[in-house]
Amino acid sequence: MLRGRLLRLFHFCHPKSFSSSSSSSSSSSYPEIPTLYSFLQPSIFALRTTKGPQNPPPSPSPTSLSFPGKTLTPEDTAALESDLLSALRSSRTDDAWKSFKSLASLPRLPRPDAADALVAHLASLRDRHNLKRAFAAAVFLLERRPGTLSIASLEALLRAMDSANTPAPALALVRSMLKNRVFPPFAAWGSFLIRITRRNGCLDAFLRVFEESCRLVLDEKVESMKPDMASCNEVLDGCCRELGSVAAAERVVEIVSTMGMSPDLQSFGSLAFLYASKGLESRIVELDKLMDALGFSDKMIVLKNLISGYVKSGSLELVSSVILRALKERHDKSSYLLDEDTYGEVVRGFTDGGRIKDLASLIIQAQELESSQDSVGIDRSIGFGIVNACVGLNLLDKAHSILDEMNAQGVPVGLGVYSSILKAYCKEQRTAEAAQLVTEISAAGLQLDASSYDALIDASMSAQDFQSAFSLFRDMREARIPDLKTSYITIMTGLTENNRPELMASFLDTVVDDPRIEIATHDWNSIIHAFCKVGRLEDARRTYQRMIFLRFEPNNQTYLSLINGYVSAEKCFSVLILWTDIRRKEFVQFDHDLVDAFLYAMVKGGFFDAAMQVVEKAQELKIFIDKWRHKQAFMENHKKLRLSKIRRRNFRKLEALIAFKNWAGLNA
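Per an unreviewed UniProt entry, the recorded name for the protein is PPR repeat, and the organism is Musa troglodytarum. Under the Sequence similarities (unreviewed entry) heading, UniProt states for the protein: "Belongs to the PPR family. P subfamily."

This is the structure we're talking about:
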């Protein structure tokens, strides 16, 4: 029933076949034989000679593998086959090819496993010379003994031809398969051949192979040769876009229907492009009715293809009409109406024709429709898509011309139009134009979205205009933008990179109570580390205390930054105070790095009682300490220390010193 409806709907021309209908154009537009001949030159079968130059003999066909030589015994043949396999195992390609040529001259062909292994090996090398060898051997074997080659070897050879971009031998190989009734599944060769012929503009040559494959399915019931719907759609799309042939496209639809497969949205989309590009309005109406009859309610794919087809034919009024129709029929208001490529085609079509005014009118009409669709996001509006495409095509001046035209018509400009231009200015560091545009947006009573604020703040930080970034972030908070994370990270990262910990600290203080911003220990650590890095240790200490006051829990990185900062400034007593403060706190997770840093500072500062406390903590937690580093610290700082002087002043310190030296092995 479906087939009958398709036939009645499309009024097929019923060409006899692709072979007859396209033979004349094919022979002129795609000279396959010369291309194949060129592929095989220089001949891989030519005999090497040391004699002077002679007129070269004509290149043999790939199947004329006949070589002079003496008559070989069965033992000689077996030895050659063994040599062939041995050469393949050790990757001696030239020796393997030599053995194959000798075997090919015999009435009895090489063993199937040896021949198959040779083709697979040659195809795997991917160089042009061995690809010629693989092609010639495969065609020779298909002609002489069709069942010799495995599907895997044929697939590997076609894959290599696809990579080498050689359509003529790929087509010749598949034709040889069909001629000699070797029928690997269509999936093993079809996708390669479709891709390589479309890429090289010779799909018309493939169509004859495609029709023969489908004939085998229909007439001889060879099910393995049946293409899947995705492959059929690829062929159909090639007929519509590369060939631009209505007859060929509808012939493919007829064949697909005859094989019991139904067209899908992709099929209809390709046909829609073709009919629109040819101006066949009656066919488009029929296509629309058929989709309704088949129950396709979401026609966005088809509408996108109609737009592309109308752009190609220069029917820009119809482009606008279809875009507005798509906007009305969009089921999911939160989805993108068109993709970037389609918007790009539309913009190029209008701007190349100098139709800026019409493009502005399209946006105005779209804005009126979108105003009734509350859930349409700014970046999903038609205005945003068109202007964003202008920006992406380096047509920022055209984007601004659209904006000027809309203003000239006295029409309110949607935020989607402003947004892309604003982001483009920010990206190009054109801060003056960006600031002017922000003023225009505010004057129009519009509120910037989060992505626009993010772009402005990023541009301000890149220009090291920190105060503008702070001001924008404040406006962002006051505007109740829910997502502040991106801009917050941008500001903190920029201040860190520019070594401005004082600004980091003040900025963090202003936002610490905002529930929309997730502030964690690592934010405080960044400030403390930055202060320590520039030697502002008192500010680092105050930040540490502020962090604790606000109930943020320090971690090992917090302490390591403070310890390293204090040690670098020769303020080991401050490390002693820190150690005294945290040594018994349960939340501190002492690890090797933290214990080692504390011990080094205690030894360097001469606080041996605290040093032994650190050692005891390490022993308690079973943390290994490399004593050598701390011996070095002792020798560098306390080599001239006199025990008698310490004994008179502080006996307890003497005990701690002796205990440390015993632990470190310094008494010897």
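A. The arrangement of the overall build of the protein in detail. Within the protein, the regular secondary structure consists of 36 helices and zero strands. The buried share of the protein, taken over its 668 residues, is 50%. Contacts in the protein between residues far apart in sequence, at least 24 positions, make up 70% of those at least 6 positions apart. Put simply, the protein shows about 32600 Å² of open surface, and 51% of that area lies on carbon and sulfur atoms.

B. Seen up close, the packing of helix 18 (residues 340-352) against helix 20 (residues 382-392). At a closest axis distance of 8 Å, the pairing of helix 18 and helix 20 adopts a crossing angle of 70°. As far as their axial angle goes, helix 20 and helix 18 are roughly perpendicular. Residues Tyr343, Gly344 and Val347 of helix 18 lie in contact with helix 20, whose contacting residues are Ile382, Gly385, Ile386, Ala389 and Cys390. Taken together, the residues of the contact of helix 18 with helix 20 sort by class into six nonpolar, two polar and no charged.

C. Representation of the pattern of salt bridges. Summed over the entire model, instances satisfying the criterion amount to 38 salt bridges. Where Arg536 meets Glu502, a salt bridge forms, and the shortest distance between an N and an O atom there is 3.4 Å. Of this pair, Arg536 sits in the loop between helix 28 (521-533) and helix 29 (537-549) while Glu502 sits in helix 27 (residues 501-511), and the two are 34 residues apart along the sequence. The class for Glu502 is partly exposed, based on a relative accessible area of 24%.

So, how was this worked out
Residues numbered from 1 in each chain as written. Predicted model: local features only at pLDDT ≥ 70, side-chain atom pairs only at ≥ 80, totals over all residues. Heavy atoms only, no water. UniProt positions renumbered as here; feature names shortened; annotations may be inferred. Helix = DSSP H or I, 4+ residues; strand = E, 2+ residues; numbered from the N terminus. Buried < 20%, exposed > 50% of the residue type's maximum accessible area, 1.4 Å probe, protein only. Contact = heavy atoms within 4.5 Å. Areas by Shrake-Rupley, 256 points an atom, 1.4 Å probe, with all protein chains shown as cover. Axes fitted to C-alpha atoms, helices over the stretch in contact; angles between N-to-C directions. Parallel < 35°, antiparallel > 145°, perpendicular 65-115°, else oblique. Nonpolar A, V, L, I, M, F, W, Y, C, P; charged D, E, K, R; others polar. Salt bridge = Lys/Arg side-chain N within 4 Å of Asp/Glu carboxyl O.

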